[in-house]
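Fold and contact review
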Amino acid sequence: MTIPPETAPAPELIAEALESKLWRDGIPDSLAQLSPLTEVDGVDVFAETIDWDGNSFAADCVVYVGLTYGEEDDDDGVSTSDNFPGRVRGHRSEGDAIVIDEISFDTSSFYE
């Protein structure tokens, strides 16, 4: 069942909830393993992929990360950025807040 577009939360609200979860709970191991210092720079959720089933949803997303190698204050350190596709699952609570239940990211392109 799909929630009518006029009552479905905007993709930006799902992205904000996802980013908040990553900041609050820490980044998943799949991202943390990419560099000694991996930081989330942002996330996007693709509106056309949001699939609602009652108050639950699943959607495709992308995470943008900063990757730092070497010490943070090291002049010889290297920083770069990358992005990885992902999948987010969650639900809308009784108070209409977006709750993220599960996230996963595909980092296989990093190793190719």
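Residues numbered from 1 in each chain as written. Predicted model: local features only at pLDDT ≥ 70, side-chain atom pairs only at ≥ 80, totals over all residues. Heavy atoms only, no water.

What about the pattern of salt bridges?
Scanning all chains against the criterion turns up four salt bridges. Between aspartate 25 and arginine 24 there is a salt bridge, and its shortest N-O distance comes to 3.4 Å. We classify aspartate 25 as partly exposed; its relative accessible area is 48%. In the salt-bridge network here, residues are joined through shared partners; they are Lys21, Arg24 and Asp25. (Salt bridge = Lys/Arg side-chain N within 4 Å of Asp/Glu carboxyl O. Buried < 20%, exposed > 50% of the residue type's maximum accessible area, 1.4 Å probe, protein only.)

Observations concerning unusual backbone geometry
Of note in the backbone geometry, aspartate 96 takes a positive phi value of approximately 70° without being a glycine. Within the secondary structure, aspartate 96 sits in the loop between β4 (78–92) and β5 (98–105). (Helix = DSSP H or I, 4+ residues; strand = E, 2+ residues; numbered from the N terminus.)

A short note on the nonpolar core
Within the largest apolar cluster, 23 residues are counted, with the highest numbers of intra-cluster contacts made by Ile14, Phe57, Val63, Val88 and Ile100. Mapped onto this core, the elements with two or more residues apiece are α1 (11–25), β1 (37–45), β3 (56–69), β4 and β5. For this core, the element with the most residues is β3, which contributes six residues. Setting aside anything within four residues of it in sequence, one finds valine 63 in contact with Leu22, Leu31, Val40, Gly42, Val43, Asp82, Asn83, Phe84 and Phe105. (Core = buried A, V, L, I, M, F, W, Y, C linked by side-chain atoms within 4.5 Å. Contact = heavy atoms within 4.5 Å.)

Points about the packing of aromatic side chains
How two aromatic rings sit relative to each other is set out by the distance from centre to centre and by the angle between their planes. As enumerated under the stated definition, the model contains three aromatic pairs in all. Summarising the aromatic geometry, the rings of phenylalanine 84 and phenylalanine 110 are spaced 6.5 Å apart at their centres and angled 65° between planes, so their arrangement reads as edge-to-face. Within this pair, whereas phenylalanine 84 is found in strand β4, its partner phenylalanine 110 is found in the segment after β5, the two being separated by 26 residues in sequence. On the accessibility criterion, phenylalanine 84 (0% relative accessible area) is buried. Cluster of aromatic residues (ring-pair linked, three or more members): Phe84, Phe110 and Tyr111. (Phe/Tyr/Trp six-rings, centres within 6.5 Å; stacked < 30°, edge-to-face > 60°.)

Some remarks on α1
Taking 1.5 Å per residue, 15 residues should reach 21 Å; α1 reaches 21 Å between its end C-alpha atoms and fits that length. Taken together, the buried positions of α1 are occupied by Pro11, Ile14, Ala15, Ala17, Leu18, Lys21 and Leu22. Taken end-on, α1 shows its buried residues confined to a sector of 160°, consistent with a single buried face. Exposed residues pointing more than 90 degrees away from the buried face of α1 are listed as Glu12, Glu16, Trp23 and Arg24. (Expected span 1.5 Å × (residues − 1). Arc of directions from axis to C-beta.)

By themselves, these observations are geometric and do not establish any function.
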